[in-house]
Structure formats: C-alpha cells, structure tokens
Amino acid sequence: MTRGPTLEATYEAPPNIALVKYWGVRDRARAIPYNSSVSVTLDRLRSRTTVRFDPEISTDRVELNGATATGGPRESVVRFLDRVRELAHVTYGAEVRSENNFPTASGLASSASGFAALAGAATAALGLRLSGRELSRLARFGSGSAARSVFGGFVEWRAGVKPDGSDCYARPLYGPDHWPSLVDLVLIVKGAPVKQVRSEEAMQASVATSPVYARRLAELPGRIRKIRTAIGERDARRLFPLVMEECDSFREVCETTRPSLDYLTTTSRAILAEVRSVNREAGRPIAAYTHDAGAHLHVFTLGRDVTKVRRRLGRLPGIERTAVLHPGPGGRQVR
Ligand code: PMV
C-alpha cells in the first residue's frame, strides 16, 4: 500500500497580557469583539505546536502537553482545523501535538499562545502562505486573544467596523525592543480556584447583564488612545495609572455580571492594595497591576524599580512564585 503525502509544520507562539482587555463578542459567527484591545507579548514562554495532515487519518488526533485531548479542548482544536481545511480546500485528517514550556496553571492563558501556534502550524502544513495580518485574522477564531500573539512587542487588536470582520485583526504598535526596561512580574498566587465558567461564556454574560458594560465600551476608545501614546513615549508615569484604571474597569464589569464573576483570591486583592500603597509612598506610579479572568496578577514596573517592588510584594503571604518577564517576539515557524 502506498502512503499518501504527509504535510507537516511546527510553529511557536508566545502568550500575551492585555493592557486593555477583550471582553465581549459582537458577532459570534465571525468572532468580532465589541472592543479593540492592546497587549504586550511576553518573552521566554512558548506554545510549540506541530500539525501533520495525512489523507490516511480519518479522525483528528490531538495531544496537549503529552496527554490525549478529549471533550471541549479537542473539539475546539478540531473546529479550528476545519476552518483551515476549508481555506485550503482539503479534507485530510490531522495529528496535532502541542506543548507549552510553561505550566498550564501559570497564570498565563495558554489559549492565546496555543491557538496562534495552531494557526501558524496548520496553515504552513497545508502550504497556505498567510501574512501576519491574515494569520491574526484566522487565529481569533480559536481564541480572541490569540489574534494578538501572532505579533511581538506591543500589539493592538482592532475590532474593525466591517460587518464581515475583514478588518478585524491585530497589528504590532511597537516591536519587542521598543521598551526593554519594562518588566512584567507574574505573581502566581496559591490556591487559585479552577475556572468555573469559560471566558467565552463569561464575557457574554457580562454583555447581557452588567449594568456598567455599556459605559466601559464608551470609555475604551479614549483609554486606548492614551495607552498607545504612553507606550509610544515610554512614559510609565502615564501608562501605569491607565493600566490599573482599565483593570479596575474590567473587574467592575465582572463583579457586576449576574451571576457575579469573582476571579480574585484574598492574596490577589492584597497585591492590588500593595501596589497602590507602593505608588502612594513613592509619590509617583512605579508599578501597575493587571489581571485577566483568573487569580494570578501581573505587575508592571521598570528595571530600576524591580528590586523595590519585588521586595514589597514578597512580604505578602500566599504568593507561590514570581516570574520576571519582558516584552518578547511574536510567533514563528520553526520547521
Ligand atoms: O482569548 P480568550 O477567549 O481566552 O479571552 C481573553 C480574555 C481576557 O484574557 C480576560 C482579556 C484579554 O484580552 O486577553
């Protein structure tokens, strides 16, 4: 028996942390968000995904971090592969292997890096030569935040205005070397609860029930403009308060969602308070907190203040581990 052609590629993509959060989908079928978002792509951490298409495979096989994926996680990968197969006009089955070089419970969403890597690997394996913009446009169907992980440095995912979503993709604002002294301390808190509601559903509950959702949407274009300018000028004094204001706005939306979405633990809240008091005592904002739909915290600071900020946060009980990260490069094909 002769074997059919095998088509294989490997792609690596990084996670990102949102400075302006994506939270709410306007058009589910086209994966168009209500608002644009801004993020920093992080260095050192990677999802590495290999996709091999093979006409002889009838049912997709998906392996995530060494274990066979089943149920929801497998389904979302298969649905994404279907989209790529349709683009390439093929019906081959696939074998997907994906590994993160960081623990899944590390406080960093692996959906962004994972789907950006899957988009890169699956399209390359089928010989689709997509531009970064096209890859970003595709990756958002796996996970919204994946649209931003295609690029390195400081990234804006524009919601766009076209009903068909063709102008809904991320673009790099500034490269990874734009602001090398910017540090992201990732604080892993002990006893973080396992997510009860998937982000995809949680954000739609916020759209439907939070009384402050509409006000947040109205505020965002102005906040995004100011954040873009502060990043451009490497102006931490302006950026840090805006990042915290945005995080507070996101948290307010979550907490006023019915049923309420409460992602933080006592330790997470103690970190928020400690960052505020560090800034008060310094007489200027030397640190900024942010968090996603989870209990772990990201605290931005500058290289010269890292020791001081770490020392202060290190006194708090309940922090398991701290990772020191920087802006990093975007996704790339490795094989
Ligand atoms: O990309 P998703 O569907 O996992 O949602 C991401 C939601 C947040 O992490 C809370 C915000 C963001 O923009 O990353």
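Refer to the structure above for everything that follows.
What comes next is a walk through the structure.

Conventions and cut-offs
Residues numbered from 1 in each chain as written. Predicted model: local features only at pLDDT ≥ 70, side-chain atom pairs only at ≥ 80, totals over all residues. Heavy atoms only, no water. Helix = DSSP H or I, 4+ residues; strand = E, 2+ residues; numbered from the N terminus. Rg over C-alpha atoms; globule rule 2.2 N^0.38 Å. Buried < 20%, exposed > 50% of the residue type's maximum accessible area, 1.4 Å probe, protein only. Pairing = 2+ DSSP bridges. Axes fitted to C-alpha atoms, helices over the stretch in contact; angles between N-to-C directions. Contact = heavy atoms within 4.5 Å. Salt bridge = Lys/Arg side-chain N within 4 Å of Asp/Glu carboxyl O. Near = heavy atom within 4 Å. Polar contact = N/O pair within 3.5 Å; in protein donor to acceptor, adjacent residues only side chain to side chain. Areas by Shrake-Rupley, 256 points an atom, 1.4 Å probe, with all protein chains shown as cover. Nonpolar A, V, L, I, M, F, W, Y, C, P; charged D, E, K, R; others polar.

## Regarding the overall build of the protein chain
Then comes step 1: Check the secondary structure of the protein chain and you find 9 helices and 16 strands.
Then comes step 2: Rg of the C-alpha trace for the protein chain: 20 Å, near the compact-globule value of 20 Å for 335 residues, within the 12% margin.
Then comes step 3: Overall, the protein chain is about 75 × 40 × 40 Å in size when its C-alpha atoms are taken along their principal axes.
Then comes step 4: Looking at the protein chain as a whole, 54% of its 335 residues qualify as buried.

## Focus: the sheet that holds strand E15 (residues 319–325)
In any sheet, the strands associate via hydrogen bonds between backbone groups, in a parallel or an antiparallel arrangement.
Then comes step 1: Judged by pairing direction, the sheet is antiparallel, and its 4 strands sit side by side in the order E13-E14-E12-E15 without closing on themselves. Only two strands of the sheet have a single partner each, and these edge strands are strand E13 (287–290) and E15. Mean inter-strand twist for the sheet, computed between neighbouring axes without regard to direction, equals 25°.
Then comes step 2: The strands that helix H8 (residues 266–282) touches are strand E12 (182–189), E13, strand E14 (297–302) and E15; relative to E13, the one it contacts most, it runs at about 155°.
Then comes step 3: Running over the sheet, helix H9 (residues 306–314) touches E12, E13, E14 and E15 and is turned about 15° from E12.

## Quick look at the pattern of salt bridges
Then comes step 1: Inspection of every chain in the model, using the stated rule, returns 29 salt bridges.
Then comes step 2: Of the charged contacts in the structure, one is a salt bridge between Arg-216 and Glu-246, with a shortest N-O distance of 2.8 Å. Here the residue Arg-216 occupies a position in helix H6 (residues 213–232), and Glu-246 occupies one in helix H7 (residues 236–255), the gap between them amounting to 30 residues.
Then comes step 3: The exposure class of Arg-216 is buried, given its relative accessible area of 2%.
Then comes step 4: One salt bridge connects Asp-248 with Arg-251, and the closest N-O pair in it is separated by 2.7 Å. Taken together, the positions of Asp-248 and Arg-251, both in helix H7 and 3 residues apart, correspond to about one turn of that helix.
Then comes step 5: Assessed through its relative accessible area of 10%, Arg-251 is described here as buried.
Then comes step 6: Taken together, the shared-partner salt bridges connect Arg-215, Arg-216, Glu-219, Arg-223, Glu-245, Glu-246 and Glu-252 into one network.

## Let's talk about the environment of Pro-14
Then comes step 1: Mapped onto the elements of the fold, Pro-14 is located in the loop between strand E1 (7–13) and strand E2 (16–20).
Then comes step 2: Note on Pro-14: relative accessible area 0%, which makes it buried.
Then comes step 3: Beyond its immediate sequence surroundings of up to four residues, Pro-14 is in contact with Thr-41, Leu-42, Leu-45, Arg-46, Ser-113, Ser-149, Pro-329, Gly-330 and Gly-331.

## Quick notes on the site of the ligand
Then comes step 1: Within the structure, the ligand sits among 13 residues, and Tyr-22, Ser-143, Ser-145, Arg-148 and Asp-292 are positioned closest to it.
Then comes step 2: Interatomic distance of 2.9 Å between a backbone N/O atom of Tyr-22 and an oxygen atom of the ligand.
Then comes step 3: Side-chain polar atom of Ser-145 to an oxygen atom of the ligand: 2.6 Å apart, as the coordinates give it.
Then comes step 4: Look at the ligand: alone it shows 380 Å² of surface, and the protein chains cover 91% of it.
Then comes step 5: A breakdown of the residues in the shell around the ligand according to their chemical character gives 6 nonpolar, 4 polar and 3 charged.

## Things to note about the side chain of Thr-301
Then comes step 1: Along the chain, Thr-301 turns up in strand E14.
Then comes step 2: Once you skip the residues sitting within four places of it in the chain, Thr-301 turns out to touch Ser-181, Leu-182, Val-183, Leu-185, Phe-240, Ile-286, Ala-287, Val-306 and Val-309.

## Let's talk about unusual backbone geometry
Then comes step 1: In this chain, Arg-258 is followed by Pro-259 through a cis amide linkage whose omega measures -10°.
Then comes step 2: By the secondary structure assignment, Pro-259 is in the loop between H7 and H8.
Then comes step 3: The backbone of Arg-44 shows a phi angle near 70°, a positive value even though the residue is not glycine.
Then comes step 4: Along the chain, Arg-44 turns up in the loop between strand E5 (37–41) and strand E6 (47–54).
Then comes step 5: A relative accessible area of 52% places Arg-44 in the exposed class.
Then comes step 6: Despite not being glycine, Asn-65 has its phi angle at roughly 50°, a positive value.

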